[in-house]
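An overview of the molecular structure
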Amino acid sequence: DAGVIQSPRHEVTEMGQEVTLRCKPISGHDYLFWYRQTMMRGLELLIYFNNNVPIDDSGMPEDRFSAKMPNASFSTLKIQPSEPRDSAVYFCASSPRGGTEAFFGQGTRLTVV
Amino acid sequence: GESVGLHLPTLSVQEGDNSIINCAYSNSASDYFIWYKQESGKGPQFIIDIRSNMDKRQGQRVTVLLNKTVKHLSLQIAATQPGDSAVYFCAENTKAAGNKLTFGGGTRVLVKP
């Protein structure tokens, strides 16, 4: 398996634009997590899914953020409109059912100017 | 390059010495405590976990200790090697919250040759 695949690796966008981050989890994993990593806040859990269903989105900072998982092999995190304070590295991770080991993607470095 | 330029506590250790990384947690209801390693430009990687009803678990060159009385977790790395230079995060998994996986603040380990 190629592991968790995130795209794009880098994204630079202007304030106010819509940004969509994509994630392909490891096949067979039941859980998918979205994290944001910043200097100030460290590694924050934004939202996670179990069997494509959102379980907890309490970490989503604002209504500008939304996440979907239309099927077991794909998830998106969307920011609309984007703001400079959204600049961060966004990680997607997946884990098998009941497991404590989450497998992380390489991350997407987002810069909003 | 750096992951996100995190301002983290730093542990400098001489190659060959043992390292001890500490973490304080807050959620007494967590079922598992986990250590992750993050190398520059990569996503976090699972190292070892410990169930909440245990106080010690050993892996290859690593030992995790759990003290529930004072809510303290530590990771000991034996014979630290240059490849151990990274940022280390403790994390908590809570089954009752739907396998929620949350991360602590992180410690940077620098191995001096």
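Conventions we followed
Residues numbered from 1 in each chain as written. Chains lettered and ligands numbered in written order. Predicted model: local features only at pLDDT ≥ 70, side-chain atom pairs only at ≥ 80, totals over all residues. Heavy atoms only, no water. Pairing = 2+ DSSP bridges. Helix = DSSP H or I, 4+ residues; strand = E, 2+ residues; numbered from the N terminus. Axes fitted to C-alpha atoms, helices over the stretch in contact; angles between N-to-C directions. Disulfide = S-S within 2.5 Å. Buried < 20%, exposed > 50% of the residue type's maximum accessible area, 1.4 Å probe, protein only.

Residue and element names in this part refer to chain B. Read from one edge of the open sheet, 4 strands run E2-E7-E6-E5, paired in antiparallel fashion. Looking at strand neighbours, the two that pair on one side only are strand E2 (19-24) and strand E5 (56-58), the edges of this open sheet. Strand-to-strand twist across the sheet, computed as the mean angle between neighbouring axes with direction ignored, equals 15°. Examined bridge by bridge, E5 and strand E6 (residues 62-67) share 3 bridges and lie antiparallel to one another. Looking at the pairing, Lys56 lines up with Leu65 of E6.

Moving on: the state of the cysteines. All chains considered together, the criterion is met by 2 disulfides over all chains. A disulfide bridge connects Cys23 of chain A with Cys92 of chain A, and the sulfur atoms are separated by 1.9 Å. The sign of the -65° torsion about the S-S bond sets the Cys23 of chain A-Cys92 of chain A disulfide as left-handed. Of this pair, Cys23 of chain A sits in strand E3 (residues 19-24) while Cys92 of chain A sits in strand E9 (residues 88-95), and the two are 69 residues apart along the sequence. Here Cys23 of chain B is linked by a disulfide to Cys90 of chain B, with a sulfur-sulfur distance of 1.7 Å. Where Cys23 of chain B bonds to Cys90 of chain B through sulfur, the torsion about that S-S bond is close to 45°, and the disulfide is right-handed. One end of the pair, Cys23 of chain B, is in strand E2; the other, Cys90 of chain B, is in strand E8 (residues 86-94), with 67 residues separating them in the sequence. By relative accessible area, Cys23 of chain B is classed as buried at 8%. Classification of Cys90 of chain B by relative accessible area gives buried; the value is 9%.

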